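Descriptive analysis of the structure
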Amino acid sequence: MDLMTALQHVLRKSLNHGGLSRGIHEGTKVIEKHAAQLCVLAEDCNQPDYVKLIKALCAEHNTHLITVPNAKTLGEWAGLCKIDSEGKARKVVGCSCVVVKDFGEESTALSIVQQHVKSH
């Protein structure tokens, strides 16, 4: 299992357990309360101030940061979409920042993500 697949599983489990904050407003509140365990940032964010703010907050509060290539993909992983009858994501909304407060249950995907975070 590669890192992106593992991250997708971790975000899905966190969403199911109510431990996911999506967007800059919710994300910054969680990071500043020292409740954030992981922050995921989209590389294709077109707001440089947004990226600077998230990176600075993560560095200041010792929150681990992982970047993903696409905001639409991150939005889909964070549940910002409709799922049709075939199981395909429709009407996906892009999301530049997702913060995990609670990982939910332990899994192999979570251990892969935690190993990546420790090594970087």
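Everything below is about the structure printed above this text.
Everything in this summary refers to the structure shown in the same document.

Calculation rules
- Residues numbered from 1 in each chain as written.
- Predicted model: local features only at pLDDT ≥ 70, side-chain atom pairs only at ≥ 80, totals over all residues.
- Heavy atoms only, no water.
- Helix = DSSP H or I, 4+ residues; strand = E, 2+ residues; numbered from the N terminus.
- Expected span 1.5 Å × (residues − 1).
- Buried < 20%, exposed > 50% of the residue type's maximum accessible area, 1.4 Å probe, protein only.
- Arc of directions from axis to C-beta.
- Core = buried A, V, L, I, M, F, W, Y, C linked by side-chain atoms within 4.5 Å.
- Contact = heavy atoms within 4.5 Å.
- Pairing = 2+ DSSP bridges.
- Axes fitted to C-alpha atoms, helices over the stretch in contact; angles between N-to-C directions.

Brief notes about helix 5 (residues 108-119)
End to end, helix 5 covers 17 Å across 12 residues, agreeing with the expected 16 Å (1.5 Å per residue, within 8%). Of all the residues in helix 5, the buried ones are Ala109, Leu110, Val113 and Val117. Burial along helix 5 is one-sided: seen end-on, the buried residues are contained in an arc of 100°. In helix 5, the exposed positions angled more than 90 degrees off the buried face are occupied by Thr108, Gln115, Lys118 and Ser119.

A closer look at the nonpolar core
Formed by 23 residues in total, the largest nonpolar core has its most connected members in Leu7, Leu11, Leu38, Leu74 and Val113. Contributing elements (two or more residues each) for this core: helix 1 (3-16), strand 2 (38-42), strand 3 (64-68), helix 4 (71-77), strand 6 (97-100) and helix 5. Here this core takes five residues from helix 1, the largest share from any one element. Among residues more than four places away in sequence, those in contact with Leu38 are Leu7, Thr63, His64, Ile66, Val98, Val99, Val100, Phe103, Val113 and Val117. Judged by nonpolar contacts, the second largest core, of 13 residues, contains Ala36, Cys45, Ile54 and Cys58.

Considering the sheet that holds strand 3
Spatially, 1-6-2-3 is the arrangement adopted by the four strands of the open sheet, whose pairing is mixed. Where the open sheet ends on each side, the last strands, each with one partner, are strand 1 (20-22) and strand 3. Mean inter-strand twist for the sheet, computed between neighbouring axes without regard to direction, equals 20°. Examined bridge by bridge, strand 1 and strand 6 share three bridges and lie antiparallel to one another. Following the sheet pairing, Ser21 is matched in strand 6 by Val99. Sheet strands in contact with helix 2 (residues 24-32) are strand 1, strand 2 and strand 6, and its direction is about 130° off that of strand 1.

Quick look at the environment of Cys95
Among the structural elements, Cys95 can be located in the loop between strand 5 (89-90) and strand 6. Separated by 25 residues in the primary sequence, Cys95 and Asn70 place their C-alpha atoms 8.8 Å from one another. Not counting residues up to four positions away in its chain, the partners in contact with Cys95 are Arg22, Gly23, Ala42, Ala71, Leu74, Gly75 and Leu80.

Description of unusual backbone geometry
With a phi close to 60°, His34 is a non-glycine residue in the positive phi region. Secondary-structure assignment places His34 in the loop between helix 2 and strand 2. Under the relative-accessibility criterion, His34 is labelled exposed at 58%. The backbone of Asn62 sits at a positive phi, close to 55°, despite the residue not being glycine. Summarising the element assignment, Asn62 is placed in the loop between helix 3 (48-60) and strand 3.

Quick word on the environment of Gln115
Along the chain, the position of Gln115 falls in helix 5. Taking the relative accessible area as the measure of exposure, Gln115 reaches 56% and is therefore exposed. In this structure, the C-alpha to C-alpha distance between Gln115 and Leu3, residues 112 residues apart in sequence, is 9.8 Å.

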